[in-house]
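Geometric and topological summary
Read off the chains here:
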Amino acid sequence: MKKPFFLAFAAALAFGVGSTTFAAPANFVDVPAKHWSYDAVSYLVQAGIIDGYGDNTFRGDKTITRYEMAEIVYKAMQNQSKANIAQKALIDKLGAEYALEMNKIDKLDTRLTKVEQNQSGIKFSGSLLVQQKWKSMDNVQTKKGSNTEQSWFRMNGTAKVDENTSIGMRLVNIAPTKDNFRAANAIAAGTQGNSSSNTYGAEVDRFFATTKLGAVKATLGRQALALDKEDILVDSAFFSYDGAKLAWDWNGLSFDVKHGRFARDVRGYAFDNMSGDTALKFKDDGTLETPATYSSAFSNVDVDSISIASKSGKLNWNVGAASFRNWKMNQNLTKYYYTYAGWQFNDKFSMAAEYGKNQEATEGGAFGTVKAVYGAQSLSKKGNQNFTVQYWENQKNALYTAYTSIDTVDEGVSDAVKTLDFSYRYAFSKNMTAKLQHATITDKTDNKNSYSFWKTQFIYKF
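Turning next to the overall build of the protein chain. Scanning the protein chain from terminus to terminus reveals 5 helices and 18 strands. Taking all 462 residues of the protein chain together, 43% fall into the buried category. Counting contacts in the protein chain only where the partners sit at least 6 residues apart, residues at least 24 apart contribute 58% of the total. Counting every atom, the protein chain has about 24200 Å² of accessible surface; 56% of that belongs to carbon and sulfur.

Turning our attention to the pattern of salt bridges. Charged atoms that come close allow side chains of opposite charge to pair. Enumeration according to the criterion identifies 8 salt bridges in this entry. The closest approach of N and O atoms between K160 and E163, which form a salt bridge, is 3.4 Å. By relative accessible area, K160 is classed as partly exposed at 45%. When its relative accessible area of 65% is taken as the criterion, E163 is described as exposed. Among the ionic pairs, R170 bridges to D205, the shortest N-O distance being 2.7 Å. Taken together, the residues span a long stretch of sequence, with R170 in strand 3 (residues 165-172) and D205 in strand 4 (residues 203-213) at a distance of 35 residues. A relative accessible area of 5% means that R170 is categorised as buried.

Moving on, we get to the confidence of the model for the protein chain. Residues of the protein chain with pLDDT of at least 70 account for 69%, and the chain-wide mean is 78. Long-range and interchain partners of residues 14-25, a stretch whose pLDDT sits below 50, account for 30 contacts in this model, where long-range means more than four residues apart. Counted against residues more than four places away or in other chains, residues 187-199, with its pLDDT under 50, gives 40 contacts.

So, about the packing of aromatic side chains. Considering all chains together, one arrives at 17 aromatic pairs under this definition. Note on F239 and Y403: the rings are 5.7 Å apart at their centroids and 70° apart in plane angle, and the pair reads as edge-to-face. Remark: Y403 occurs in the loop between strand 15 (385-394) and strand 16 (417-429) and F239 occurs in the loop between strand 5 (216-224) and strand 6 (240-250); sequence separation between them is 164 residues. When sorted by exposure, F239 lands in the same class as Y403, which is buried. Measuring from centroid to centroid gives 6.5 Å for W343 and F345, while their planes differ by 70°, and the two rings are edge-to-face. Three or more aromatic residues joined by ring pairs make a cluster, and in this case those are F238, F239, F262, F298, F324, Y400 and Y403. For K133, the ring lying beneath its charged end belongs to F453, and the centroid distance is 4.7 Å. Seen from the ring of W327, R261 lies directly overhead, with NZ or CZ sitting 3.5 Å from the centre.

Backbone phi values are negative for most residues with the exception of glycine, while trans is the configuration of most peptide bonds. Of note, D231 is a non-glycine position whose phi angle comes to about 60°, a positive value. With a relative accessible area of 16%, D231 lands in the buried category. Backbone geometry at D265 places phi at a positive 55°, although glycine is not the residue there. You can see D265 is positioned in the loop between strand 7 (253-263) and strand 8 (276-279). Residue class for D265 comes out partly exposed when judged on its relative accessible area of 35%.

Here we take up the pairing of strand 11 (residues 315-326). For strand 10 (residues 301-312) and strand 11, the ladder comprises 12 bridges, and the chain directions are antiparallel. Looking at strand 11, one finds that S312 is bridged to L315. In textbook terms, the turn of a hairpin is the stretch between consecutive antiparallel strands, and for strand 11 and strand 12 (residues 331-346) this stretch comprises 4 residues, one of which, N330, has a positive phi near 55°.

On to the nonpolar core. With 32 residues, the main nonpolar core has F262, F324 and Y403 as its most contacted residues. Going through the elements one at a time, strand 7, strand 10, strand 11 and strand 12 are the ones with two or more residues in this core. The greatest single-element share of this core, amounting to 3 residues, is contributed by strand 12. By size, the runner-up hydrophobic cluster in this structure holds 6 residues, among which are V417, A439, I441 and F453.

Turning to a nonpolar patch on the surface, a few remarks are in order. Where nonpolar side chains cluster on the molecular surface, the patch consists of L128, V130, F428, F458 and Y460 and spans about 380 Å² of accessible area. For the nonpolar patch, the elements supplying multiple residues, two or more each, are strand 1 (122-137) and strand 18 (451-461). On the secondary structure map, L128 appears in strand 1. Given the relative accessible area of 32%, L128 is considered partly exposed.

Pairing analysis gives 12 bridges linking strand 11 to strand 12, with the strands arranged antiparallel. Each bridged residue has a counterpart across the sheet, and for W317 the counterpart in strand 12 is A341. With antiparallel pairing between neighbouring strands as the criterion, strand 12 and strand 13 (residues 349-358) make up a hairpin whose turn holds 2 residues.

You can see W327 is positioned in the loop between strand 11 and strand 12. The class of W327 is partly exposed, set by a relative accessible area of 24%. It is 6.1 Å that separates the C-alpha atoms of W327 and V301, two residues lying 26 residues apart in sequence. Setting aside its immediate chain neighbours within four residues, W327 contacts R261, A263, R264, N300, V301 and D302.

Conventions and cut-offs
Residues numbered from 1 in each chain as written. Predicted model: local features only at pLDDT ≥ 70, side-chain atom pairs only at ≥ 80, totals over all residues. Heavy atoms only, no water. Helix = DSSP H or I, 4+ residues; strand = E, 2+ residues; numbered from the N terminus. Buried < 20%, exposed > 50% of the residue type's maximum accessible area, 1.4 Å probe, protein only. Contact = heavy atoms within 4.5 Å. Areas by Shrake-Rupley, 256 points an atom, 1.4 Å probe, with all protein chains shown as cover. Salt bridge = Lys/Arg side-chain N within 4 Å of Asp/Glu carboxyl O. pLDDT = per-residue confidence, 0-100. Phe/Tyr/Trp six-rings, centres within 6.5 Å; stacked < 30°, edge-to-face > 60°. Lys NZ or Arg CZ within 6 Å of the ring centre and 35° of its normal. Pairing = 2+ DSSP bridges. Core = buried A, V, L, I, M, F, W, Y, C linked by side-chain atoms within 4.5 Å. Patch = residues over 30% accessible without salt bridge, like charges linked within 9 Å, V, L, I, M, F, W, Y side chains within 5 Å.

Below, the structure written as structure tokens:
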């Protein structure tokens, strides 16, 4: 049977027994939007009648086989209750003609259903990031820099307990420790535990349980500390907290509430002129530098946060608040409020902005960023690429630099800083991407801390 006739026949069945929703567009590479069969093919895809071939083609000039025709009739019979009298008669007649082939299809479906039911419900995913960073201090008096290599491995595992509950974990090669409690972008490759050690390690840094309680999803255990949308306050890919998270949707709004213990007996960096203790400090390459002042205030930290987010058309936004408090000293450390807005102009261009302020800062405390992305908005397939330009400006005492995911001045320095960043990303495949980045960081308080860098990244996902 030639496919032009098949399209007319199958479309008649689909319009009678298939989905009544608007047809999703056909994504077959050989059926462009202006093709005469585009609407019919799109409807059949939406109705579940056809799904094309593994190479994302429809192959409309190919003669359909008897078995393929039997599969179409089999799918139509599963929705026969929605057909009119004439369509039911046609389906019954075809059912008798292709009974032998449909019996084989039914047996295969039954076997697949049993396999799915017997699956353990355990799934794994992960990523490997390999990075090279060339850092140059721009101040003419110091003229120093560094060249660091970093490799981060992360593997996530989830196990289904029942229909409403699952448990999760993450295995990593590098995680924050009591003696080295700082963001991943400040740690040299292989640094684990005490920064003077350059040996690789592996540990489970997250383990948690998630369950649905009506409309609320509750997560308990050690989990990612995700706060603001741009990850300016805390590097959520690196830092975790021990506690609870409640998330739910209501009237188009998404709510997220967190409470837990972020740090316990760690060596915190001095911040906002707080009194500190003398302690060892290490360079990017893991070697010992000069003694530095650390703050005992940031040694034991609890975190609380709430955020509300929504998406409407091309706009998505988020507002939230977060506080960090020393639970041993009963001392407020930082209190943030922040807001984010992103606008998708079209499928190739978007802009976003975020603003926030540390209300505990005795001076300054505000931070903000503006970002523009041109090209593929997600690197989901081979050949996707994009360019990103982003500008940050942070007032004095805005960020605790040991926590943030952005490249900024050294830990313990709370100066006013501005950053201009250019990035290019390319997808070699769905699971392999690369990034080339250049940024200039200017310390507006003390120029000797200013620097620029080039960075290359390769990310492999599985």
